[in-house]
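These are the residues of each chain, in order.
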Amino acid sequence: MNTKSELLKEAWERLEKSIVYYDGRPIGTIAANDPESEALNYDQCFVRDFVSSALAFLIAGKPEIVRNFLLATLALQSHEPQMDSFKPGPGLMPASFKVETRKNGEYYLTADFGEDAIARVPPVDSCLWWILLLRAYVKATGDISFAHQPEFQEGIRLILELCLVHRFAMYPTMLVPDGAFMIDRRMGVYEHPLEIQVLFYAALRAAGELLVPNDSTNSCIHSLNQRLQTLTYHVREYYWLDLKRLNEIYRYKGDEFGKKVANRFNIYAQSIPGWLTEWLPQTGGYLAGNLGPGRMDFRFFALGNLMAIVTSLASEKESQRIMNLIEQRWDDLVGYMPMKICFPAIDGEEWRIITGCDPKNTPWSYHNGGNWPVLLCFLTAAALKTGRIELAQKAFDIAKNRLSEDRWPEYYDSKNARLIGKESKNYQTWTIAGFLVANDLLENPTHLALLSFDESLKS
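Attention in this report is confined to the structure presented alongside it. Keep in mind that what you see is a predicted model, and the values were worked out from it rather than measured.

Some details on the overall build of the protein chain
Part 1 of the reasoning: The number of helices and strands found in the protein chain is 17 helices and 13 strands.
Part 2 of the reasoning: The C-alpha atoms of the protein chain give 21 Å as radius of gyration, which agrees with the globular expectation for 459 residues (23 Å, within 12%).
Part 3 of the reasoning: Its C-alpha atoms give the protein chain principal-axis dimensions of about 70 × 60 × 40 Å.
Part 4 of the reasoning: Summarising the internal contacts of the protein chain: among those between residues at least 6 apart in sequence, 71% fall at separations of at least 24.
Part 5 of the reasoning: Accessible surface computed for the protein chain: about 19700 Å², of which carbon and sulfur atoms make up 52%.
Part 6 of the reasoning: Measuring between centres, the 48 positive side-chain charges of the protein chain sit 4 Å from its 56 negative side-chain charges.

Printed below as a string of structure tokens:
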């Protein structure tokens, strides 16, 4: 078994081997560097995937690659209003980009906004992660002038206008299609998934810190402050699930009409899944996976809940109860590798209907209850934010004992993560970077400030 120092050395060597260069400058990292399998689109730099790599570089005092990444993706951002249904709207960031070479030897970047993705779904989360990464760069370097450049102010404004646009909705949450974030295949996560709402909230807070008040941004600043207040209340009040809340839902009356009703979303008690009443601990709770008309998704989604803690979208009390749940249901949510992307898996007829018989999302695999090592860094961040360092250390020790031996896989299968993912890529970059970031956070928790927000909201 490798020592910790040997593991960290190997992880850094592999992270550096994943770096993509453009005109001689480091510009990002490829998704995976697996010599034994076909690259597919894993040889591209994904905005979402690069976040953990960027945090590792920023903490290590190597901000150049993050700066170059932010400049490159900003240049790729969609700007022109489009009536063409096959073109991205203004403000959208690409899911990924790739360095290509022309016949004359010139290099250029190509971006994928979802046109080449499975099922052609746009990456709604990319622009939200991008704002968070810009804030992290500013915090790490102290270079606020970088974000104050006109082109960055314009980029932030376009993202906000895309997210704050007038909608066919009566809620402060963002409406998105299925597969528009980390879970990028059909999994019944359309509508108002938790992860998008948390990233939306965090991006609004980050934008509030980065925007310079002037005639072109004042309207955006006013709108984001308004939305932050209503979004915070909405998620904390209506997404929250614990035994007290479950009892309220169980006794709801359906088909209530008017403004002052208890069952605002017309949730029927019969929709409460049988597993939940036994699984939910007395002192635990979590934010539901989704909420919409007549619908509450009772599944536990890890990244949304962990980031809700880190960004302070979840209240202090809710955050502690989420960590209580993780601690008391450790075997289900962590098992032999931190951490399960969602729980429980869907199977049988439900799997057939919800996933469309997706052979990759079979029960307890990939997005359908698989375990993703990249979540280790977010679990560590949430544990540190709530003062539960022992849980962070326990999770890190589990990962430390397996990742290198298993060749740094993308994900793990089975109910307790004993199996390496059936179609998992080896030497997955965000698995490697997530391990490095988790270690850095444990060694110096002040680095949490790169990703976290405090409890208070500016009025």
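Digging into the side chain of Arg185
Part 1 of the reasoning: Along the chain, Arg185 falls in the loop between helix H6 (150-163) and helix H7 (194-210).
Part 2 of the reasoning: At a separation of 2.8 Å, a polar atom in the side chain of Arg185 contacts the side chain of Asp358.
Part 3 of the reasoning: In contact with Arg185, other than residues within four places in its own chain, are Ile118, Asp178, Gly179, Asp358, Lys360, Asn361, Tyr366 and His367.

Here we look at the sheet that holds strand E5 (residues 107-112)
Part 1 of the reasoning: In spatial order, the strands read E3-E4-E5; together these 3 strands make up an open sheet with antiparallel pairing. In this open sheet, the two edge strands, each paired with only one partner strand, are strand E3 (45-46) and E5.
Part 2 of the reasoning: Across 6 bridges, the pairing between strand E4 (residues 96-101) and E5 is antiparallel. Looking at the pairing, Glu100 lines up with Tyr108 of E5.

As for the nonpolar core
Part 1 of the reasoning: Leu70, Trp130, Met307, Ile326, Met339 and Phe378 are the most contacted members of the largest nonpolar core, which totals 167 residues.
Part 2 of the reasoning: Setting aside its immediate chain neighbours within four residues, Ile326 contacts Phe300, Leu306, Leu333, Val334, Met339 and Leu379.

Reading the values: the criteria
Residues numbered from 1 in each chain as written. Predicted model: local features only at pLDDT ≥ 70, side-chain atom pairs only at ≥ 80, totals over all residues. Heavy atoms only, no water. Helix = DSSP H or I, 4+ residues; strand = E, 2+ residues; numbered from the N terminus. Rg over C-alpha atoms; globule rule 2.2 N^0.38 Å. Contact = heavy atoms within 4.5 Å. Areas by Shrake-Rupley, 256 points an atom, 1.4 Å probe, with all protein chains shown as cover. Lys, Arg positive; Asp, Glu negative; His and termini not counted. Charge placed at Lys NZ, Arg CZ, Asp CG, Glu CD. Polar contact = N/O pair within 3.5 Å; in protein donor to acceptor, adjacent residues only side chain to side chain. Pairing = 2+ DSSP bridges. Core = buried A, V, L, I, M, F, W, Y, C linked by side-chain atoms within 4.5 Å. Buried < 20%, exposed > 50% of the residue type's maximum accessible area, 1.4 Å probe, protein only.

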